Amino acid sequence: MKRTFTANIDGQIFHIDEDAYNLLQNYLEQLRQAFSSPDSNEIVTDIESRIREHFDERISAGASVIVLADVSNVITTMGRPEDISGEQSEDGAEAAGSRPIQNYAKPARKRIYRNMQNKVFGGIVGGLATYLGWNANIMRILLVVAAVATEFWPLFILYMLAWMIIPAAVTPEQILRMNGEPVNVETMGQAVIADSQPDGDNFWGTLFGIIGKAIMGIVGTLMGIAAIASLLFFLVLLAGTIAYIAFDNASVLIGLDFFDGQLTLMWAVSALVWSLLCLIVCGSLTWLAACVVFRAPGASRLTIVTLIIMSIILFVTGVVLTATCTTAI
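Just so it is clear, the model here is predicted, and its values are computed rather than measured.

**Comments concerning unusual backbone geometry**
Note: most peptide bonds trans; most residues except glycine with negative phi. With a phi angle near 55°, D248 is a residue other than glycine that sits in the positive phi range. Along the chain, D248 turns up in the loop between α10 (203–247) and α11 (251–255).

This is the structure in structure tokens:
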């Protein structure tokens with residue numbers, strides 16, 4: 001037994017069951033997001049008028065309630081010229097009584113997104129495979145081989161950077177752009193329907209997903225330990241540096257057995273910079289691993305950009321200070 005909703009579509013009342021109501025509401029909302037121009041309200045109003053006409057036909061045919069199949073059929077046919085765009089018919093005349101809706105399709109040029117419909121962790125490989133037109137599972141196998149050949153870390157760092165930079169394809173518009181399809185009413189409707197249907201079983205995707213989460217769990221644990229160690233070392237080093245500056249007491253710094261007899265203030269500051277950089281990098285990777293394993297919310301774009309800028313500044317500062325100390329020896 002399903003609930004039935006009463007919906008006012010273009011000034012007319014229809015009884016719609018729950019599944020059909022949710023799909024229709026989602027479809028109209030995605031259209032409002034897709035058409036962000038000043039004329040978007042008029043476009044959606046025109047579309048609602050067409051939907052009302054289709055539903056009128058179903059009610060006239062004897063249906064008492066609009067069901068999911070009715071909404072799906074309407075969305076599927078909304079992109080046909082005779083139904084929505086008001087283009088000329090075969091004899092060159094304008095369709096009578098219909099308000100023309102301009103073709104708002106955008107260039108069908110592929111863009112790189114993280115493919116969240118074919119992801120193991122992050123959707124980087126899935127997105128690249130979609131962009132290049134390759135098989136994602138083959139690319140994952142090649143990625144594993146390349147990781148082994150490069151001793152894992154360089155490729156891992158590049159993967160994490162790509163994860164931070166490449167946006168995820170979440171909305172139907174982004175999914176269409178990722179696949180190189182035009183963004184118009186017809187394709188938007190198809191994207192909404194596809195997004196509303198459950199995905200089928202994918203053995204390889206499930207297998208790689210389990211392996212990926214296990215790897216990220218191990219990496220996150222190791223990075224978490226490294227982040228805690230970096231934090232402790234930073235705090236001890238900071239206390240020692242303050243004691244060295246304020247009281248000319250170098251016992252804490254010497255006790256770290258880190259400076260190899262070359263204890264200077266610049267060496268201490270350089271070590272502080274490197275330990276802080278290690279803390280930020282390891283902490284960020286721990287956070288990222290936790291987001292993958294536990295499906296926690298990720299960082300905002302502002303946070304990611306801030307962390308990257310801070311890391312670059314600390315890295316450059318550390319290199320300069322270390323080079324200066326080495327030259328002075």
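**So, the pairing of strand β1 (residues 4–9)**
The sheet contact formed by β1 and strand β2 (residues 12–17) spans six bridges and is antiparallel. Across the sheet, residue T4 finds its bridge partner in β2, namely D17. In this structure, the hairpin formed by β1 and β2 is closed by a connection of two residues, where D10 is found at a positive phi of approximately 55°.

**Section: the pattern of salt bridges**
Side chains carrying opposite charge are able to pair once their charged atoms draw close together. Enumeration over the complete set of coordinates arrives at two salt bridges. Where R52 meets D56, a salt bridge forms, and the shortest distance between an N and an O atom there is 3.5 Å. Taken together, the positions of R52 and D56, both in helix α2 (residues 40–60) and four residues apart, correspond to about one turn of that helix. For the salt bridge of D70 with R58, the shortest nitrogen-to-oxygen distance reads 2.7 Å. Here D70 is found in helix α3 (residues 68–77), whereas its partner R58 is found in helix α2, with twelve residues between them in sequence. Take D70: its relative accessible area is 6%, and that puts it in the buried class.

**Quick word on the confidence of the model for the protein**
For the protein, per-residue confidence averages 75 on the pLDDT scale, and 74% of positions sit at 70 or higher. The low-confidence segment residues 79–107, where pLDDT is below 50, has 39 contacts with residues more than four positions distant or belonging to other chains.

**So, the nonpolar core**
Counting 21 residues, the largest nonpolar core has F121, F156, Y159, M160, W163 and M216 as the members making the most contacts within it. Elements supplying a minimum of two residues to this core: α5 (124–132), α6 (136–149), α7 (153–165), α10 and α12 (265–294). When residues of this core are assigned to their parent elements, the largest contribution, five residues, is made by α12. Contacts of M216, omitting those with residues within four sequence positions, involve F121, F156, W163, L288, A289, V292 and V293.

**Topic: the packing of α7 against α12**
Packing of α7 against α12 brings their axes to within 12 Å, and their N-to-C directions diverge by 70°. When the interaxial angle is binned, α7 and α12 end up roughly perpendicular. For the crossing formed where α7 meets α12, the hand is left-handed. Within the contact between the two elements, α7 uses F156, M160 and W163 and α12 uses L285, L288 and V292. The class makeup of the residues in the contact of α7 with α12 is six nonpolar, no polar and no charged.

The rules we used
Residues numbered from 1 in each chain as written. Predicted model: local features only at pLDDT ≥ 70, side-chain atom pairs only at ≥ 80, totals over all residues. Heavy atoms only, no water. Helix = DSSP H or I, 4+ residues; strand = E, 2+ residues; numbered from the N terminus. Pairing = 2+ DSSP bridges. Salt bridge = Lys/Arg side-chain N within 4 Å of Asp/Glu carboxyl O. Buried < 20%, exposed > 50% of the residue type's maximum accessible area, 1.4 Å probe, protein only. pLDDT = per-residue confidence, 0-100. Contact = heavy atoms within 4.5 Å. Core = buried A, V, L, I, M, F, W, Y, C linked by side-chain atoms within 4.5 Å. Axes fitted to C-alpha atoms, helices over the stretch in contact; angles between N-to-C directions. Parallel < 35°, antiparallel > 145°, perpendicular 65-115°, else oblique. Left-handed = near helix turned anticlockwise from the far one by under 90°. Nonpolar A, V, L, I, M, F, W, Y, C, P; charged D, E, K, R; others polar.

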